[in-house]
Amino acid sequence: MNEPLVASIPLIGGQIASFVAGAILGSFYNVVIHRLPLGQSIVRPGSRCPSCGNALAAYDNIPLLSFLILGGKCRHCGSAISNRYPLVEAISAILALVLFRRYGLHPQLPIEFIFCSLLLIITMIDLDTMEIPNVLSIPGIALGFGFSFLTPRLSWSGSLLGIALGGGVFYLIAVLFYLVRRKEGLGGGDIKLLAMIGAFLGWKGVIFTILVSSVSGIIIAIPLMWRSGNGLGSALPFGPFLALGAVSYVFWGQLFFHWYFSTLLGM
Ligand SMILES: [Zn+2]
């Protein structure tokens, strides 16, 4: 009866290691989210307090823990540290843990972790700046296509189809929107992001993402627009909704299509 216990020790070790690695990477994502839109280097200098500019000592820069130990305040000037930092670290840590539990050390683990990480970074930057940097989405398209050679989940032709559908459908919607409203509703950044999502998830992922992002976008946007009093003309970043749809597909998409085809279509 000792066997399960022995087997569970590396499993627990792996879970702790993946959580810690995810938190450390999340700390790096914070740097990217903060500096990329400003055109600053993401390597140097080390982290500084955005208020007083004092460099952070290594012990004040431990993912998740430092925020708790410092009570969410800078050690030097006492100004509040944004909740954003521990939030991104926690999401990244939980993501790594969940994917490790799901796949173990299968290539699907880094592939889905990198994909979800890109979506997390893009979401935060889009919320901050209303723009999705090409420097993330375009290499993301290439990366998704490249990864299709490493995993049985998606063939390279499936990935190409996803890129074409994601980029093409949204481009069409953007053109139609422009013809009707005479102004840009969907940014080129959204189109490239959906092409990236197609590269990683294939055509089913694109359709699922459009579905979830449209529905969640409407549910969340209408009360916001109503409250702001700007009507439907007010701009809302769409990237976070696309990211929400894509992450939902990563975790529940297969289940959804199984249910859809077997229950509704009787296949
Ligand atoms: Zn400070």
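Quick look at the structure, then. (Residues numbered from 1 in each chain as written. Predicted model: local features only at pLDDT ≥ 70, side-chain atom pairs only at ≥ 80, totals over all residues. Heavy atoms only, no water.)

Between R44 and the following residue, P45, the backbone shows a cis peptide bond with an omega angle of -10°. Among the secondary structure elements, P45 is positioned in the loop between α1 (3-35) and α2 (65-69). Positive phi is not limited to glycine here, since L64 has a value of about 65°. The backbone phi angle of M130 is positive, close to 65°, even though this residue is not glycine. With respect to the helices and strands, M130 occurs in the loop between α4 (108-129) and α5 (134-147). On the basis of relative accessible area, M130 is assigned to the partly exposed category, the value being 40%. (Helix = DSSP H or I, 4+ residues; strand = E, 2+ residues; numbered from the N terminus. Buried < 20%, exposed > 50% of the residue type's maximum accessible area, 1.4 Å probe, protein only.)

Counting 48 residues, the largest nonpolar core has F115, L119, L193, M196, I197 and L201 as the members making the most contacts within it. Only α1, α3 (84-103), α4, α5, α6 (156-181), α7 (188-228) and α8 (239-264) provide two or more residues apiece to this core. Domain assignment of the residues forming this core places at least three in each of domain 1 (1-104) and domain 2 (106-267). Ignoring anything within four residues of it in the chain, the contact list for I197 reads F115, L119, G202, T209, L242 and A246. (Core = buried A, V, L, I, M, F, W, Y, C linked by side-chain atoms within 4.5 Å. Domains from an automatic or database assignment. Contact = heavy atoms within 4.5 Å.)

With that out of the way, let us pick up the coordination of the zinc ion. The protein atoms donating to the zinc ion are C49 (SG), C52 (SG), C74 (SG) and C77 (SG), with metal-donor distances spanning 2.3 Å. Note that the zinc ion binds 4 donor atoms; their angles at the metal cover 104 to 117°, and the shape is tetrahedral. In primary-sequence terms, the residues that donate to the zinc ion follow C-x2-C-x21-C-x2-C. Of the two residues, C49 is situated in the loop between α1 and α2 and C77 in the loop between α2 and α3; the sequence distance between them amounts to 28 residues. Judged by relative accessible area, which is 8%, C49 ranks as buried. Taking relative accessible area as the criterion, C77 reaches 37% and is therefore assigned partly exposed. (Donors = N, O, S within 2.8 Å, 3.2 Å for Na, K, Ca; no water. Tetrahedral: all angles 85-135°; square planar, octahedral: opposite > 155°, others 65-115°.)

Note that side chains of opposite charge can pair when their charged atoms are close. All told, the structure shown has 4 salt bridges when counted by the stated rule. Two residues, D128 and R84, come together in a salt bridge whose shortest N-O distance is 2.9 Å. Highlighted residues: D128 in helix α4 and R84 in helix α3, separated in sequence by 44 residues. A single network of salt bridges, built from pairs that share partners, joins R102, E112 and R153. (Salt bridge = Lys/Arg side-chain N within 4 Å of Asp/Glu carboxyl O.)

In this structure, T209 sits in helix α7. When residues no more than four places from it in sequence are discounted, the contact partners of T209 are L194, I197, L201, L242, G245 and A246.

Another aspect to go through is the packing of α4 against α5. Helix packing for two helices is described by the angle between their axes and how far apart those axes are. Following both chains from N to C, one finds α4 and α5 inclined at 165°, their axes separated by 11 Å at the closest point. Classified by the angle between their axes, α4 and α5 sit roughly antiparallel to one another. Pair α4 / α5 crosses with left-handed handedness. Residues I111, I114, L118, I121, I122 and I125 of α4 touch α5, and the partners they reach there are L136, G140, L143 and F147. Within the contact of α4 with α5, the residues separate by chemical class into 9 nonpolar, 1 polar and no charged. (Axes fitted to C-alpha atoms, helices over the stretch in contact; angles between N-to-C directions. Parallel < 35°, antiparallel > 145°, perpendicular 65-115°, else oblique. Left-handed = near helix turned anticlockwise from the far one by under 90°. Nonpolar A, V, L, I, M, F, W, Y, C, P; charged D, E, K, R; others polar.)

Everything listed is a geometric property; what it means functionally is a separate question.
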